[in-house]
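Listed below are the residues making up each chain.
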Amino acid sequence: MKLQEAVELQKEALLKTLQESIRIRSVEDTPAEDAPYGMGIRDCLDHALQTAKELGFSVVNLDNQMGWCEYGEGEEMIAVLGHLDVVPEGEGWSFRPFGGEIRDGKVLGRGSIDDKGPTITALYALAALRDSKLPLKRRIRILFGTNEETGSNDMKYYISHGGELPVMGITPDGEYPVINGEKGIINVDFKAEYTQSGPLILMGISGGDAPNVVPASAEANLCCPPELAKELIHKLTAESGNAVTCTPTEQGIRIAAAGVSAHGAFPELGVNAIGLLLTALDRLPLSEPLASQIHFLAEKIGLESDGTRLGIALSDEPSGKLTFNLGTVQGDAASFIIRINYRYPVTKTYEDCAPILNQAFAESGFTQLKEIHKKCLYLPENSPLVQTLLRVYAEQTGLPPYPKSIGGGTYAKVIPNIVAFGPIFPGDEVREHKPDEFIKIDELMQNAHILAEALYQLAK
């Protein structure tokens, strides 16, 4: 049987299984016995493994952390890394988030595109490859992840408990043609502490929701005598523009900044409200050391989004510039904490940027509280894995094949020798994590054909 024919024969079962999976609300919840990420996720994992078993594959449940099914023989293994957990449904749906309905040529529901649809599609692509009886030299393993959305602890558990690593593989949890580069991501928190004196006292400062989101609003409340308040309001109103407003309060003044939100991977598309606020505060007669700490942030960061004034403006051809986002600030009359998210190019390293930034903050009176680093991922365009996937994509779609690097991160960073491959086609609306998530059935089946051929080419 030809592989294309075998894929089409799986369509009815694929759709039925995907509907069943979507109906399981697999959002991380309170851990229970034998359910480290909650019973919904455990039920969804059981469903996937039972389906794989009924399809005739050998299956393994690794302590309910994750599981896998496998087909074929050989010393080397090819992997598909997918996940069954989903983000909460949120508000704004026009259909049931966990209904798994089919309507107007679409499968509807949370997880349809991210990542139940692609993961279950890979399972049936593997079944089609088996039915085609094409000869393979490598085993193929589909890893069913359960914690991608909230930390990838499932795959860390897999590795720490002796899980076999693939010689190469894919995660269908990104975009086509193929993502061969993912910037390194650093989240770092700094604290400024101070004792204030004089007529002008910062009482509170806040802004932003998360380090990886450009803050749309920020504000500061200051205590000062009425005459000074009047003077400062006049000064800031004249100098700060419409994005910053200064109003009187019972204690003194309130300064509010309005920015434009954007994803932390693309801070240049937004306007950082915290940067606007810091620039305004830098014009005020604050006492030391607070004045110097504010001046450092306003001068070295401000509205900048590439780290130039901090001395970390890295760039490369595959992935472009380092991106820098001051995401949150929260503080009172004695201290404030800022949270920064920055992403360095795929051919650079942590050592090229982090020590420089950390030293600059230390010399300006800040204390580092926490730092989380996710290394970059980069496979050169001429690598066998990337070349094979590009060829398969071009043959299956007739579209131009090209590798791409991204500022975000995928599951590929967790397991070695993996790159993101699909399921989103160029020009498609990005629907994951949004209300009314869906996947078109024709694109689901196109993914099935692409994945089946890719697995064959990688394992033959």
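Under an unreviewed UniProt entry, the name given to the protein is Dipeptidase PepV, and the organism recorded is Clostridium symbiosum. Its UniProt record gives the protein the following Cofactor (unreviewed entry) comment, quoted word for word: "Zn(2+)".

Participant: Can you lay out the pattern of salt bridges for me, pointing to particular residues and giving the numbers?
Facilitator: One pass over the full model with this rule turns up 20 salt bridges. Between E20 and K16 there is a salt bridge, with the nearest N and O atoms lying 2.6 Å from each other. On the criterion of helical spacing, the pair formed by E20 and K16 is a turn pair, its members being four residues apart in helix 2 (residues 11–22). Residue E20 is classed as partly exposed on the basis of its relative accessible area, which comes to 28%. The partner of K235 in a salt bridge is E239, and the shortest N-O contact between them spans 3.2 Å. Taken as a pair, K235 and E239 lie in helix 6 (residues 226–240) at a separation of four residues, close to a single helical turn. What emerges from the salt-bridge pattern is a single network uniting E70, R139, R141 and E164.

Participant: Please set out the domain arrangement of the protein residue by residue, giving values where relevant.
Facilitator: Each assigned domain of the protein is listed here: domain 1 (1–181 + 375–457) and domain 2 (183–372). Counting residues at the interface gives 11 residues for domain 1 and 12 residues for domain 2. On the domain 1 side of the interface with domain 2, the three residues burying the most area are C376, Y378 and G407, jointly 55% of the side's total. Inspection of the region where domain 1 meets domain 2 yields zero salt bridges. When contributions to the side of domain 1 that touches domain 2 are tallied by element, the ones reaching two or more residues are strand 20 (377–378) and strand 21 (403–406). Among the residues forming the side of domain 1 that touches domain 2, the class breakdown is four nonpolar, five polar and two charged.

Participant: An account of the sheet that holds strand 24 (residues 438–440) is requested, with residue identities and associated values reported.
Facilitator: Strand order in the open sheet made by the three strands is 4-5-24, with antiparallel pairing throughout. Looking at the sheet topology across the chains shown, the edges are occupied by strand 4 (102–103) and strand 24. As defined by bridge partners, strand 4 adjoins strand 5 (residues 106–108) across two bridges and the pair is classed as antiparallel. If you follow R103 over to strand 5, its bridge partner there is K106. Seen against the sheet, helix 2 touches strand 4, strand 5 and strand 24 and runs at an angle of roughly 20° to strand 5. Seen against the sheet, helix 11 (residues 441–459) touches strand 4, strand 5 and strand 24 and runs at an angle of roughly 70° to strand 24.

Cut-offs and rules
- Residues numbered from 1 in each chain as written.
- Predicted model: local features only at pLDDT ≥ 70, side-chain atom pairs only at ≥ 80, totals over all residues.
- Heavy atoms only, no water.
- UniProt positions renumbered as here; feature names shortened; annotations may be inferred.
- Salt bridge = Lys/Arg side-chain N within 4 Å of Asp/Glu carboxyl O.
- Helix = DSSP H or I, 4+ residues; strand = E, 2+ residues; numbered from the N terminus.
- Buried < 20%, exposed > 50% of the residue type's maximum accessible area, 1.4 Å probe, protein only.
- Domains from an automatic or database assignment.
- Contact = heavy atoms within 4.5 Å.
- Buried area = accessible area lost by both parts, 1.4 Å probe.
- Nonpolar A, V, L, I, M, F, W, Y, C, P; charged D, E, K, R; others polar.
- Pairing = 2+ DSSP bridges.
- Axes fitted to C-alpha atoms, helices over the stretch in contact; angles between N-to-C directions.

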